[in-house]
Amino acid sequence: MVDVEKFIDQAIRQIRDAAGEDKVVMALSGGVDSSVCAALAARAIGDALVPIYVDTGLMRKGETERIRSLFADTNLRVVDAGDEFFAALRGITDPEEKRKAIGERFIRVFEREAKRTGATMLLQGTIYPDRIESEGGIKSHHNVGGMPLDIEFKGVIEPLADLYKDEVRAVAGGLGLPPEIQHRMPFPGPGLAVRVLGEVTEEKIAIVREANAIVEECLVEEFRPWQCFAALLGLGTGVKGDVRLHGWIVAVRAVRSRDGMTADPLLLPYEALSRMASRITAEIPGVSRVVYDITPKPPATIEYE
Ligand code: XMP
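Colleague: Got a minute to help me understand the packing of aromatic side chains in this structure?
Modeller: The relative placement of two aromatic rings is captured by the distance of their centres and the angle of their planes. Per the counting criterion, the structure on display carries two aromatic pairs. Aromatic side chains Tyr128 and Tyr164 sit 5.3 Å apart centroid to centroid with 65° between the ring planes, which places their arrangement in the edge-to-face category. Taken together, the residues span a long stretch of sequence, with Tyr128 in helix α6 (residues 128-134) and Tyr164 in the loop between β7 (155-157) and α7 (165-174) at a distance of 36 residues. Considering the side-chain rings of Phe229 and Tyr304, the 6.5 Å spacing of their centres and the 85° angle between planes classify their relative orientation as edge-to-face. You can see Phe229 sitting in strand β8 (residues 227-240) and its partner Tyr304 sitting in the segment after β11 (287-292), a full 75 residues away along the chain. Classification of Tyr304 by relative accessible area gives partly exposed; the value is 24%. Its end group placed over the ring of Phe187, Arg60 keeps NZ or CZ at 4.1 Å from the ring centre.

Below you can see the structure in the form of structure tokens.
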């Protein structure tokens, strides 16, 4: 396990030396890796760091506000790009096509904003397992979220390159980042788009965002799942008052896992499930049915797409 205080001192020196007099840009997602990176660089080089947070419109409830307040004392740029992402996703139903459309849009938005800052260095939250995964595959040079950038930077700074995830979490604690960042569940890069089956629309994202927030409120603190979330399956028949209507079917997933490669559903008490289903149907007008997914991985994946 890494010596946290020593690591923080070394990383700050490393960032300062690598940056010199240059401006440094980074993509801040709000996950633990990029948050730790931003916090270290803010200490190292202050205003010479420009973290860019792209609000894709596919983020969790309250995420953008959380990032804004957490990094308020940095040169943070929040890019409201939701319209661009929804336009890019229109008509796409295939999961891999969705991922591609989101990844490409993200790169274009990041490039545009990075150019505007005039930064010549790129900071990345690459950790040790990312390097192993990308060996022989995607090079970690000049890329964001695994995709190549069309900008030439003078250099790339990767202060977390020798750390494992649990060490990054320990460093987050050492830097005084809030527990909700330190113990953050994994959240997929394509965001809520992979939690809506079929075409992504603003209406569906709004519903699944509310459902996700309720699931997290009901389960995270009490049951500490490795990951939990809601997904929107499709429309089914429901009844509200004495009227039969079409309502959305929400699936809830809560799993235990070590690394996401395999997973087991959490055995939740009936009362907890029932309370959660009541909240989701009562608080989200378009939802008429909630199901709990009891499938392990394999054969099911954790996400629905
Ligand atoms: P699956 O669904 O493949 O998920 O069992 C395993 C873990 O990976 C996350 N996940 C993704 N993360 N981009 C990401 O950054 C993606 O496209 C993506 N798809 C799945 C998922 O949330 C789970 O933690």
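The rest of the description comes next.
Colleague: Mind showing me how you'd approach the layout of surface pockets here?
Modeller: Think of a ball as big as a water molecule: rolled over the atoms, this probe shows where empty space is left. Computed from the structure, the second largest pocket encloses a volume of approximately 180 Å³. In this structure, the second largest pocket is lined by Ala39, Ala42, Arg43, Leu70, Phe71, Asp73, Thr74, Leu175, Gly176 and Leu177. Tallying contributions element by element places helix α2 (residues 32-45) first for the lining of the second largest pocket, with three residues. Here the lining of the second largest pocket is composed, by residue class, of six nonpolar, two polar and two charged.

Colleague: What should I look at first to understand the packing of helix α4 (residues 82-89) against helix α5 (residues 95-117) in this one?
Modeller: A pair of packed helices is characterised by two quantities: the angle between their axes and the separation of those axes. The geometry of α4 relative to α5 is characterised by a closest axis approach of 9 Å and an angle of 145° between their N-to-C directions. The interaxial crossing formed by α4 with α5 has right-handed handedness. Contact residues: α4 offers Glu84, Phe85, Ala88 and Leu89, while α5 offers Lys98, Ala101, Ile102, Arg105, Phe106, Val109 and Arg112.

Colleague: Help me out: how do you make sense of the nonpolar core in this one?
Modeller: Generally speaking, a soluble globular protein has its nonpolar side chains buried in company with each other. Val25, Leu58, Phe110, Val215, Leu219, Val250 and Ile280 are the most contacted members of the largest nonpolar core, which has 49 residues in total. Those elements giving two or more residues to this core turn out to be β1 (24-27), β2 (49-55), α4, α5, α9 (202-223), β8, β9 (243-256) and α10 (270-283). Here this core gets eight residues from one element, more than from any other, and that element is α9. Once residues lying within four places of it in the same chain are set aside, the contact partners of Val250 are Ala211, Ala230, Ala231, Leu232, Ile280, Val287, Arg289, Val290 and Val291. Among the nonpolar cores identified, the runner-up in size contains 38 residues, and Ile8, Ile12, Ala19 and Ala38 belong to it.

Colleague: Help me understand unusual backbone geometry, please; the structure alone is not making it clear to me.
Modeller: Apart from glycine, the bulk of residues carry a negative phi angle, and the bulk of peptide bonds sit in the trans form. Looking along the chain, the bond that leaves Lys297 and enters Pro298 is cis, with omega of -10°. One can find Pro298 in the segment after β11. Following Pro298, the chain continues to Pro299 via a peptide bond in cis, the omega torsion being 10°. Mapped onto the fold, Pro299 is located in the segment after β11. Backbone geometry places Arg224, a non-glycine residue, at a positive phi of 45°. Structurally, the position occupied by Arg224 is in the loop between α9 and β8.

Cut-offs and rules
Residues numbered from 1 in each chain as written. Predicted model: local features only at pLDDT ≥ 70, side-chain atom pairs only at ≥ 80, totals over all residues. Heavy atoms only, no water. Phe/Tyr/Trp six-rings, centres within 6.5 Å; stacked < 30°, edge-to-face > 60°. Helix = DSSP H or I, 4+ residues; strand = E, 2+ residues; numbered from the N terminus. Buried < 20%, exposed > 50% of the residue type's maximum accessible area, 1.4 Å probe, protein only. Lys NZ or Arg CZ within 6 Å of the ring centre and 35° of its normal. 1 Å grid on protein atoms, 1.4 Å probe; cavity = no way out; pocket = protein on both sides within 12 Å on 5 of 7 lines; lining within 4 Å. Points joined across faces, edges and corners; volume = space filled by probe spheres on them. Nonpolar A, V, L, I, M, F, W, Y, C, P; charged D, E, K, R; others polar. Axes fitted to C-alpha atoms, helices over the stretch in contact; angles between N-to-C directions. Left-handed = near helix turned anticlockwise from the far one by under 90°. Contact = heavy atoms within 4.5 Å. Core = buried A, V, L, I, M, F, W, Y, C linked by side-chain atoms within 4.5 Å.

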